[in-house]
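# Notes for the structure review
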Amino acid sequence: MSDTPISRAANATPANVARKIKGLSDRAIAWIFVGPTIFLLLAVNIFPLIWTINLSFTNFRANRLNREVEYVGFRNYERILTDSDIWLNMQATAHFLFWTIFFQVVIGFTLAYLINKKFKGNDLWTTIIVLPMMLSPAVVGNFWKFLYQPQIGLFNYIITFFTGKEPSSFEMLGSVDLAPWSIVIVDTWMWTPFVMLICLAGLRSIPDYIYEAAEVDRASKLRQFFTITIPMILPFLMLAILFRGIENFKMFDLVVQLTGGGPGSTTELTSINLKREAFEKWRTGYASAYAIILFVTVFGLASIYVKALNKVKER
Amino acid sequence: MKHSQLASASALSLVVASLGASAQAEDLTLCWAAWDPANALVELSKEFEAQSGHSMSFEFIPWPNFADRMLNELNSGGKLCDLLIGDSQWIGGGAENGHYVKLNDFFDAENISMGDFADATVYAYSTWPKGSENYYALPAMGDANGWFYRKDWFERDDIKAAFQEATGRELAEPKTQKEMLEIAQFFQGREIDGQTVYGAAIFTERGSEGITMGVTSALYPWGFKYENTPGQYDMEGAVNSAEAVEALEFYKEFYKTATPPGYTNSYMGESLDAFKSGQVAMAMNWFAFFPGLYADPNTGGDKIDFFVNPPQNQAGSTLGGQGISVVAYSDKQAAALEYIKWFANPEVQQKWWDLGGYSAHKAVLENPDFVDSAPFAGDFLEAMGAVQDFWQEPAYAELLLAMQKRIHDYVVADQGTAQEALDKLIEDWTETFEDEGKL
């Protein structure tokens, strides 16, 4: 018998179970249990993927069902990969990903390190810090939009307090230079607690006896930090980076609420651009090709990353 | 066009059937945007309910989501709406994709003449292909982009004197686009009654259609054309003409020097907010909002006045407004057609105007009392005499979003020049028309 998941499931089924259901082999029973899941997986994940790949070679438009669909070969792919505007969207996405992950990891780890110290009210602080990630991104977007308002927004007044600038002399959301950072700030505010929680779990999983042994060996606190804490928490940090990376690559609602992709196209991330192509311009074939390119990019990067993560875990 | 033929044939049979169909009461759903005129229509429709025995339900969608929601509904063959007051740009797609019932046979059977409605509205809201006699909607809500201003500020002696000193001319309603900019710049950052005020609220919204509707209010008066020859899609030299470049540069200067801080993504709602909160001296918006603005207890009445979008090289206003169509997927087309028949009645049209809707019926518009019937009525008539609309092609959304991007990139995000923005716009539009098989 071959060593497939179905065979393993069949072998794992106790013999008397099969005997109780007349006429059914163990293999058939295994299929009855596993079949619906496989069917759903095919219907919900695999079929749409194959269909999207098929559409990506056509000029199909979902709003023009009575129009003849033509196969256009790789034209959609060629257009996307040679479109300078799409590369600018990619750059905006990369900028957003890099800086949000950087700040979230640095601040999240620092907060986790501090919270991990035993002090009075540590649970209360954890709860307060975690609150932003429990809010809806749409609400957070609107909330920060008001904070960034140049005439009445609290954010501008705080900056004014430190710099002496007029509150209305700069626009966080309206300036080409500041708008990307305004989104990075909000995303960092909202999702740093998530990274903090993962880091906290990592820190609390390090057994005390390792530090006690290090103390016996007279290792300094700095040495302990770099030779015990960092290596042992690295897999957790990498996992947090993976989660945030995948989430932020798909970032949509927060940015739409804050800037709508503007000013101009400065903060138009690939997810927003893809939505415009697919469901506003209704270039379904083109958008399918775009989605496939993004899928391959994320899948490729994530696969490489997961391999690296596994190597770190094995150490 | 099989869908349209089928739809028109079924419409005719439904008309015949509807002659005796009143016996069966239906619950009709009318879909439109959620704004002031929609409330007026609810009030008006009570009369239809009483007369016909049908009941009316309404599905009003906020403007920012209106196109997305309704076009998704039509594209999926949804039965939510029996009647739809859809934007003028949708007429091409509505007709070619078989979403709207063709109304010619119905109009003929019921003696509804398109000649009874203002020509500009029939052309813009009802016909496809443009200028043909194929009707897919009845003009329902005439509208154009216009302006309103703080009359009480304009009449203050201290402000008038300051303006005279600053510009050498009298402060009054602007007669040209450049005069309007000069007035807006005069008010920009000025202190009035202890509050810092700004020049004007204009449209700069990026996501849907805002900045395009705003910038065309400058482009049309400068002489902007979409094509050199109508129907030929020859855009080079028209879309990026010297006049168009100048108009686009003008709009950018307006945005940079005469609007409140933070108005980088503003449309109808933001314009109304800016004016009602006393932030701006002038604001652009659709005539549809003018009755509500006039009735506002704080900034309406004697404090407000209205003017048509000023000319520059020529008169020109951006067209708004909508026609009412019967949705081809509706199971209640006979009752829906009854509603259209009732709505086309001149008496109903007069009530529509009285309640705050903008009738396009000549019996209303050509009434000698019309001009004095509201402070903005004369301006509305003048605006409708010189309106232009965006592409009404089936691919209008793609064309619109390209313009949104190119204009916002230039005006708000300071990227490139006006000439480059319009040149790129032609490239985008050319690609779309090539995909459509029209180039």
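Residues numbered from 1 in each chain as written. Chains lettered and ligands numbered in written order. Predicted model: local features only at pLDDT ≥ 70, side-chain atom pairs only at ≥ 80, totals over all residues. Heavy atoms only, no water.

## Regarding the nonpolar core
Judged by nonpolar contacts, the single largest core of 154 residues is most densely connected at B:Trp32, B:Met282, B:Tyr339, B:Phe343 and B:Trp429. When neighbours within four sequence positions are excluded, B:Trp32 is seen to be in contact with B:Pro37, B:Ala38, B:Leu41, B:Glu59, B:Phe60, B:Ile61, B:Phe66, B:Ile85, B:Met141, B:Gln322 and B:Trp352. Counting 35 residues, the second largest nonpolar core, distinct from the first, contains A:Cys199, A:Ile228, A:Ala278 and A:Ile293. (Core = buried A, V, L, I, M, F, W, Y, C linked by side-chain atoms within 4.5 Å. Buried < 20%, exposed > 50% of the residue type's maximum accessible area, 1.4 Å probe, protein only. Contact = heavy atoms within 4.5 Å.)

## As for the sheet that holds strand 3 (residues 83-87) of chain B
All names here are of chain B. What the five strands build is an open sheet, ordered 2-1-3-12-4; its pairing is mixed. Each of the sheet's edge strands pairs with one partner strand only, and the pair in question is strand 2 (55-61) and strand 4 (138-141). The mean angle between the axes of side-by-side strands here comes to 30 degrees, regardless of whether they run parallel or antiparallel. Pairing between strand 1 (residues 27-33) and strand 3: two bridges, direction parallel. When the sheet's bridge partners are listed, Cys31 is paired in strand 3 with Leu84. Contacts from helix 2 (residues 36-52) reach strand 1, strand 2, strand 3 and strand 4 within the one sheet, and its direction differs from that of strand 2 by about 170 degrees. Each of strand 1, strand 2, strand 3, strand 4 and strand 12 (322-326) touches helix 14 (residues 333-343); the most contacted strand, strand 12, lies at about 145 degrees to it. (Pairing = 2+ DSSP bridges. Helix = DSSP H or I, 4+ residues; strand = E, 2+ residues; numbered from the N terminus. Axes fitted to C-alpha atoms, helices over the stretch in contact; angles between N-to-C directions.)

## As for the pattern of salt bridges
The full count for this structure, using the stated rule, is 38 salt bridges over all chains. Notably, a salt bridge pairs A:Arg61 with B:Glu436, separated by 3.9 Å at the nearest N-O pair. Taken as a pair, A:Arg61 in the loop between helix 3 (26-55) and helix 4 (75-81) and B:Glu436 in the segment after helix 19 (418-435) lie in two separate chains rather than in one. For A:Arg61, a relative accessible area of 6% translates into the label buried. A salt bridge links A:Arg67 to B:Glu436; the nearest nitrogen and oxygen atoms lie 3.3 Å apart. Here B:Glu436 lies in the segment after helix 19 and A:Arg67 lies in the loop between helix 3 and helix 4, a pairing that spans two chains. Taken together, the shared-partner salt bridges in this structure form one network comprising A:Arg61, A:Arg64, A:Arg67, A:Arg75, A:Arg79, A:Glu277, A:Lys281, A:Arg283, B:Glu398, B:Glu431, B:Asp435 and B:Glu436. (Salt bridge = Lys/Arg side-chain N within 4 Å of Asp/Glu carboxyl O.)

## Describing the state of the cysteines
Residues and elements named next belong to chain B. Across all of its chains, the model carries one disulfide over all chains by this definition. Across the disulfide from Cys31 sits Cys81; the S-S distance is 2.0 Å. Here the S-S torsion is close to -95 degrees, and the disulfide linking Cys31 with Cys81 is therefore left-handed. Of this pair, Cys31 sits in strand 1 while Cys81 sits in the loop between helix 3 (63-75) and strand 3; the two residues are 50 residues apart in sequence, bridging distant segments of the chain. For Cys31, a relative accessible area of 0% translates into the label buried. (Disulfide = S-S within 2.5 Å.)

## Some details on helix 18 (residues 396-411) of chain B
Across its 16 residues, helix 18 of chain B extends 22 Å between first and last C-alpha, which sits within 8% of the 22 Å expected from 1.5 Å per residue. Counting buried positions over the 16 residues of helix 18 of chain B gives 16, a clear majority of the element. (Expected span 1.5 Å × (residues − 1).)

## Notes on the sheet that holds strand 9 (residues 280-286) of chain B
All names here are of chain B. Taken together, the four strands give an open sheet; going across it, the order is 8-9-5-10, and neighbouring strands pair in mixed fashion. Bordering the open sheet on either side are strand 8 (198-201) and strand 10 (304-308), each of which pairs with just one other strand. This sheet shows a mean twist of 20 degrees between the axes of neighbouring strands, independent of strand direction. Two strands pair when backbone bridges link them, and strand 5 (residues 145-150) and strand 9 are joined in this way by five bridges, in the antiparallel orientation. Looking across to strand 9, one finds that Gly146 is bridged to Asn285. On top of the sheet, helix 12 (residues 268-276) reaches strand 5, strand 8, strand 9 and strand 10; it is set at about 150 degrees to strand 9, its chief contact.

## Focus: the environment of A:Ala201
Among the secondary structure elements, A:Ala201 is positioned in helix 9 (residues 179-205). The sequence separation of A:Ala201 and A:Ala112 amounts to 89 residues, and the corresponding C-alpha distance is 8.7 Å.

## Regarding the environment of B:Gly77
Residue and element names in this part refer to chain B. Within the secondary structure, Gly77 is located in the loop between helix 3 and strand 3. With relative accessibility at 28%, the residue Gly77 sits in the partly exposed group. In the structure, Gly77 is positioned 21 residues away from Gly98 in sequence and 9.6 Å away in space, judged by C-alpha atoms.

## Observations regarding the confidence of the model for chain B
It should be kept in mind that the predicted coordinates are not to be read in detail where pLDDT is low. Residues and elements named next belong to chain B. Scored by pLDDT, chain B has a mean of 92; 95% of the residues are at 70 or more. Confidence drops under a pLDDT of 50 for residues 1-9, and excluding neighbours within four residues, the segment shows 11 contacts in the predicted structure. Every residue in residues 11-22 is under pLDDT 50, and counting partners more than four places away or in other chains gives 17 contacts. This prediction of the complex comes with two scores: 0.86 for pTM and 0.80 for ipTM. (pLDDT = per-residue confidence, 0-100.)

## Here we look at the interface of chain A and chain B
Contacts between the two partners involve 31 residues from chain A, matched on the other side by 32 residues from chain B. Here chain A and chain B share an interface that buries about 2,600 Å² over both sides, 37% of which is from carbon and sulfur atoms. Across the contact surface, chain A and chain B share 12 salt bridges. Between B:Asp435 and A:Arg79 there is a salt bridge whose closest N-O contact spans 3.0 Å. Between chain A and chain B we count 20 residue pairs in polar contact (both at pLDDT 80 or more) in total. Breaking the side of chain A that touches chain B down by element, the ones donating at least two residues are helix 4 and helix 13 (270-280) of chain A. Across the side of chain A that touches chain B, the residue classes break down as eight nonpolar, 10 polar and 13 charged. (Buried area = accessible area lost by both parts, 1.4 Å probe. Polar contact = N/O pair within 3.5 Å; in protein donor to acceptor, adjacent residues only side chain to side chain. Nonpolar A, V, L, I, M, F, W, Y, C, P; charged D, E, K, R; others polar.)

## A closer look at helix 12 of chain B
In an α-helix there are 3.6 residues to a turn, and that puts residues three or four apart on one side. All names here are of chain B. Listed as buried for helix 12 are Met268, Ser271, Leu272, Ala274 and Phe275. Take helix 12 and look down its axis: the buried residues cluster within an arc of 160 degrees, on one side only. Each element contacted by the buried residues of helix 12 is listed here: helix 3, strand 5, strand 8, strand 9, helix 13 (290-295) and strand 10. Backbone geometry just after helix 12 places Gly278 at a positive phi near 75 degrees. (Arc of directions from axis to C-beta.)

## Here we look at the side chain of A:Asn63
Within the secondary structure, A:Asn63 is located in the loop between helix 3 and helix 4. Discounting chain neighbours no more than four positions away, the residues touching A:Asn63 are A:Trp282, B:Asn75, B:Asn97 and B:His99.

## As for the packing of aromatic side chains
Inspection of every chain in the model, using the stated rule, returns 77 aromatic pairs over all chains. Summarising the aromatic geometry, the rings of A:Phe57 and A:Phe74 are spaced 5.2 Å apart at their centres and angled 80 degrees between planes, so their arrangement reads as edge-to-face. Highlighted residues: A:Phe57 in the loop between helix 3 and helix 4 and A:Phe74 in the loop between helix 3 and helix 4, separated in sequence by 17 residues. A relative accessible area of 22% means that A:Phe57 is categorised as partly exposed. In this structure A:Phe74 comes out as exposed when scored by relative accessible area, which is 60%. Taking 5.9 Å as the distance between ring centres and 85 degrees as the angle between the ring planes, the aromatic pair formed by B:Trp32 and B:Trp35 counts as edge-to-face. Overall, the relative accessible area of 7% leaves B:Trp35 in the buried class. An aromatic cluster of at least three residues, connected via ring pairs, comprises B:Trp32, B:Trp35, B:Phe48, B:Trp63, B:Phe66, B:Trp90, B:Phe289, B:Tyr339, B:Trp342, B:Phe343 and B:Trp352. When the ring centre of A:Tyr286 is taken as origin, the NZ or CZ atom of A:Arg283, which lies over that ring, is 4.0 Å away. Taking NZ or CZ as reference, B:Arg190 lies 3.8 Å from the ring centre of B:Phe186, over its face. (Phe/Tyr/Trp six-rings, centres within 6.5 Å; stacked < 30°, edge-to-face > 60°. Lys NZ or Arg CZ within 6 Å of the ring centre and 35° of its normal.)

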